[in-house]
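# Chains, contacts and geometry: an overview
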Amino acid sequence: MNGKDYYIPAAAMAISLAFKLPALRSNWRDPLLRSVCALLTLAGAVFTFAAPPTIAAVNRWTGIPNISAPLVYCLITAFSASCLVLVVNWRGGPPEQTRRVSRRWILGYSLVVVALVVLFALGDAPVEHLRDLDTAYANTPYIREMIALYLVAHNVAAVVMVSLCWRWSLQVRGWLRAGLVIIVTGYVFNLGYDATKMSAVVARWTGHDLDYLSTFVAPPLASLGALISAIGFVLPLVCQRLSDSWRSWSTYRRLGPLWQEVQISAPAGTPSVRMSWWAAVELRMIQRESDIHDGFLHLGPYFDQRLRDGAHERALAEGADEGTARAVADAAMLAAAVQARAADPEGKVIGASEEAAADTSDGPRDLLRISHALRHSPVVQTVRRRAAALEGSAGLV
């Protein structure tokens, strides 16, 4: 593998991190978000510093042959810990238990990082090896232990991740399950990396030569495994965000007929809130719901409870369920109130009705039913025509 095989995934991790940083700045106390950003940062660092050109540059800048080895091993160990911590926070549970388990993984792998540095300092690796240090120094005191320690730590993390994510994937559905299956797939490649590396190192210990497994087979497995795993972590979070945004946009759009209907009820001179084009869809939806509820308040004096009861009975007679019948009744009462308000431009009707109010106890879901009924219910259309005819007759008189 050449440099670009490492730098391209590193760039992908950096781009993913860049998209996450704004959310981290606004909600930096979120442990899940912090864990995601830590994972992306460490994944990018592993790809960057494991690239042969970077290894040579770091060795040259520091003047210490093979100093890149413990650096890369420490980054891989930290990345393994970040994956475990992310899964712990992702899965959730009692906050104190989540923090306790996370601290244990962080402490354990921090001790491994310290041990890797100490073992390298105690060992002797004078000849630079950019691609085959694991096998070249497999029998060197302290360096041998350093290599074995990072492989064991990485393997433990891989086994735990496969076990946790697979069991969790059997309990969930949707994007979360897809992400967990992708993570498991990525860690299967990581297990392959561990198997090839360990095979080559153990072969050196027993006097055999399987160096090609470590030099040529293991690196592609590690790169592919890390990239797939990172995608698995990010995909459910991104897709859930997109799904939530799409749901909000859908709700905002479906509330349109109801919002347009109540606009006429606003008193003359009422200032309207103008949202910037870049405003979040959630804010737009909240503002639209607020406008609708304000419209209900302004139309309150014109609500006719008897008309609502009649529309409710007709909707039930036509086969509507109770929830739909209530929405049709509210929509019919609203449509008639709009007509009555339009015929009373000076606002002579006073005293809002407290007993006749749109039934929105379930929040946006009822508003959506009312909005749909305004446009599609035959009962509402009939009430609208009758109210228009009555107001027209009153105007002639």
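Being a predicted model, the structure only gives us computed values, none of them experimental.

### Brief notes about the pattern of salt bridges
All chains considered together, the criterion is met by nine salt bridges. Close ionic contact of Asp211 with Arg204 constitutes a salt bridge, the shortest N to O distance being 2.6 Å. Arg369 is the salt-bridge partner of Asp366, the closest N and O atoms lying 2.5 Å from each other. One end of the pair, Asp366, and the other, Arg369, are both in helix H14 (residues 364–376), three residues apart, so they sit about a helical turn from each other. Residue Arg369 is classed as partly exposed on the basis of its relative accessible area of 34%.

### As for the confidence of the model for the protein chain
Of the residues in the protein chain, 88% have a pLDDT of 70 or more, and the chain-wide mean is 84. Across the protein chain, helix H5 (residues 95–122) holds the top mean pLDDT of 93, while helix H15 (residues 378–396) sits lowest at 72. Note on residues 351–356: pLDDT is under 50 here. Beyond four places in sequence and across chains, it has nine contacts.

### Some thoughts on the packing of helix H9 (residues 211–254) against helix H11 (residues 281–299)
For any two helices packed against each other, one specifies the inter-axial angle together with the distance between the axes. One can describe the packing of H9 onto H11 by two numbers: an axis separation of 9 Å at closest approach and a directional angle of 30°. Here H9 is positioned roughly parallel relative to H11, judged by the angle of their axes. Here H9 runs over H11; the crossing is left-handed. The residues of H11 that touch H9, namely those facing Arg241, Ser245, Ser248, Trp249, Thr251 and Tyr252, are Val281, Glu282, Arg284, Met285 and Arg288. A per-class count over the contact of H9 with H11 returns four nonpolar, three polar and four charged.

### Describing the nonpolar core
Formed by 63 residues in total, the largest nonpolar core has its most connected members in Ile147, Met161 and Phe233. Secondary structure elements with two or more residues in this core: helix H1 (3–26), helix H2 (31–50), helix H4 (68–91), H5, helix H7 (143–169), helix H8 (174–205) and H9. Ranked by the residues each element gives to this core, the list is headed by H4, at 13 residues. Ignoring sequence-local partners within four residues, the contact set of Phe233 consists of Leu39, Cys83, Leu86, Val87, Trp90, Met161 and Ile183. Counting residues in hydrophobic clusters, the runner-up holds 32 residues, among them Leu255, Leu258, Phe303 and Ala337.

### Brief notes about the packing of aromatic side chains
Tallied over the entire structure, the rule returns four aromatic pairs. Summarising the aromatic geometry, the rings of Trp90 and Trp168 are spaced 5.5 Å apart at their centres and angled 80° between planes, so their arrangement reads as edge-to-face. One end of the pair, Trp90, is in helix H4; the other, Trp168, is in helix H7, and 78 residues separate them in sequence. Taken as a pair, Trp90 and Trp168 share a single burial class, namely buried. The positively charged end of Arg288 is found above the aromatic ring belonging to Tyr252, 3.9 Å away from the centroid. One Lys or Arg, Arg288, reaches over the ring of Trp259 and ends 4.5 Å from the middle of that ring.

### Digging into unusual backbone geometry
You will see that Asn66, though not glycine, has its phi angle at about 70°, which is positive. Summarising the element assignment, Asn66 is placed in the loop between helix H3 (52–62) and H4. The class of Asn66 is buried, set by a relative accessible area of 1%. If you check the backbone angles, Tyr142 has positive phi at about 70° while not being a glycine.

Thresholds, definitions, all that
Residues numbered from 1 in each chain as written. Predicted model: local features only at pLDDT ≥ 70, side-chain atom pairs only at ≥ 80, totals over all residues. Heavy atoms only, no water. Salt bridge = Lys/Arg side-chain N within 4 Å of Asp/Glu carboxyl O. Helix = DSSP H or I, 4+ residues; strand = E, 2+ residues; numbered from the N terminus. Buried < 20%, exposed > 50% of the residue type's maximum accessible area, 1.4 Å probe, protein only. pLDDT = per-residue confidence, 0-100. Contact = heavy atoms within 4.5 Å. Axes fitted to C-alpha atoms, helices over the stretch in contact; angles between N-to-C directions. Parallel < 35°, antiparallel > 145°, perpendicular 65-115°, else oblique. Left-handed = near helix turned anticlockwise from the far one by under 90°. Nonpolar A, V, L, I, M, F, W, Y, C, P; charged D, E, K, R; others polar. Core = buried A, V, L, I, M, F, W, Y, C linked by side-chain atoms within 4.5 Å. Phe/Tyr/Trp six-rings, centres within 6.5 Å; stacked < 30°, edge-to-face > 60°. Lys NZ or Arg CZ within 6 Å of the ring centre and 35° of its normal.

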